[in-house]
Amino acid sequence: RPKVTIRTIQKLYAEGKPLAMMTAYDYPTAVACERAGVDMVLVGDSLAMVALGHEDTSQVTMDEMIHHSRAVARGTRSAFLVTDLPFGAYHADEAAAVNNAIRMVKEGRAEAVKLEAGRRAAAKFDAIVNGAGIPAVGHIGLTPQTAVALGGFRVQGKTVGGAQALVDDALALQSAGCFAVLLEAMPSLVAETITRLLSVPTIGIGAGAATSGQVLVLSDMVGLFDRFTPKFCRGFADLGPRMASAVADYKLAVRAREFPAEGTHTYAMSAAAEDKWRT
Ligand code: KIV
Ligand code: NA
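Starting afresh in each chain, residues are numbered from 1 along the sequence in its written order. Chain labels run from A onward and ligand labels from 1 onward, assigned in the order the entries are written. Reporting in this predicted model follows two pLDDT cut-offs: at least 70 for local features of residues, and 80 or more for side-chain atom pairs to be given and counted; totals over whole chains, interfaces and linings ignore these cut-offs and use all residues.

### Details of the pairing of strand β6 (residues 180–184)
At step 1: Burial analysis of β6 places five of its five residues in the buried class, the great majority of the element.
At step 2: As defined by bridge partners, strand β5 (residues 136–141) adjoins β6 across five bridges and the pair is classed as parallel. What sits directly across from histidine 139, in β6, is leucine 182.
At step 3: Bridge analysis of β6 against strand β7 (residues 202–205) gives four bridges, and the strand direction is parallel. Counted as the bridge partner of glutamate 184 is isoleucine 205 from β7.
At step 4: Think of it like this: strands point away, you trace from the first strand over the helix to the second, and a clockwise trace means the crossover is right-handed. Under the scheme used here, helices are H or I runs from DSSP no shorter than 4 residues and strands are E runs no shorter than 2 residues, and both carry numbers assigned from the N terminus. Crossover handedness for the path β6 to helix α9 (residues 188–197) to β7: right-handed. Between the buried cut of 20 or more and the exposed cut of 12 or fewer other C-beta atoms within 10 Å of a residue's own C-beta lies the partly exposed class, and all C-beta atoms are placed from the backbone. When DSSP finds at least two bridges between two strands, those strands are taken to pair.

Rendered as structure tokens:
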């Protein structure tokens with residue numbers, strides 16, 4: 001499959017083909033995304049919760065995001081690789097945002113970065129995209145990094161004022177140079193309006209079917225996260241219980257001395273050496 005580039009994404013968007021983005025956190029999940037042929041892979045800071053077990057995403061560091069991004073990059077060939085800048089990595093000022101975007105490209109091997117921010121971060125996006133030449137995605141609506149300030153994991157844009165604020169955010173992100181805008185947990189009608197107003201693709205999660213693309217958290221959609229599943233997620237598989245039952249079968253087989261099976265999972269000496277060894 002040819003390498004997906006910014007131009008590929010723009011072409012698919014122009015043709016009205018819905019873009020498929022999926023999160024990945026390490027080499028095997030990246031390989032699964034690559035084999036599936038998704039257009040974009042996102043190393044989401046959701047990894048704080050689904051891969052590292054934190055209560056929320058605010059704990060994960062730049063170094064940890066880089067570590068996971070590098071692993072995902074090793075399993076990604078053709079898909080376009082976007083990595084989240086974590087909480088704290090772009091909040092201080094433009095210089096911090098640019099320096100960490102550069103680190104995510106140089107050390108994390110990302111092709112683009114995503115920041116959970118709207119119009120108030122326009123200057124930071126401009127500095128990353130037009131200053132440093134790094135493609136960027138804005139993420140608005142339910143922004144998990146600031147869930148505490150939002151009063152929890154709550155749907156955004158349910159009021160006219162809230163919806164208008166999201167429209168303003170999306171337009172500002174486009175003006176600042178974002179090549180795509182991610183819309184999380186908002187009424188479908190609001191996401192549809194934003195998608196119609198923008199001339200760059202929107203990528204939705206819990207934002208309805210009208211967006212230019214979709215993204216889901218891999219661990220949620222394959223049943224590998226045990227704590228909760230958001231309403232907007234569809235379970236495409238239930239791997240968690242299958243993995244647990246495989247480990248349970250293994251444990252029983254060990255206790256019963258059924259595993260390893262002599263001859264199948266074992267190594268032998270040469271016949272001559274064995275004869276000698278036994279005497
Ligand atoms: O961190 C993440 O996985 C994300 C997706 C929910 C879009 O940002
Ligand atoms: Na994220």
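### What to know about the domain arrangement of the chain
At step 1: What counts as a domain boundary in this text is fixed by an automatic or database domain assignment. When cut into domains, the chain gives domain 1 (6–237) and domain 2 (242–278).
At step 2: The gap between the C-alpha centroids of domain 1 and domain 2 is 45 Å.

### Brief notes about unusual backbone geometry
At step 1: Put simply, phenylalanine 259 and proline 260 share a cis peptide bond, and its omega is 0°.
At step 2: With respect to the helices and strands, the residue proline 260 is situated in the loop between α11 (239–255) and α12 (271–278).
At step 3: The phi dihedral of alanine 185 is positive, around 50°, even though this residue is not glycine.
At step 4: The phi torsion at arginine 257 lies on the positive side, around 55°, for a residue other than glycine.
At step 5: Here arginine 257 lies in the loop between α11 and α12.

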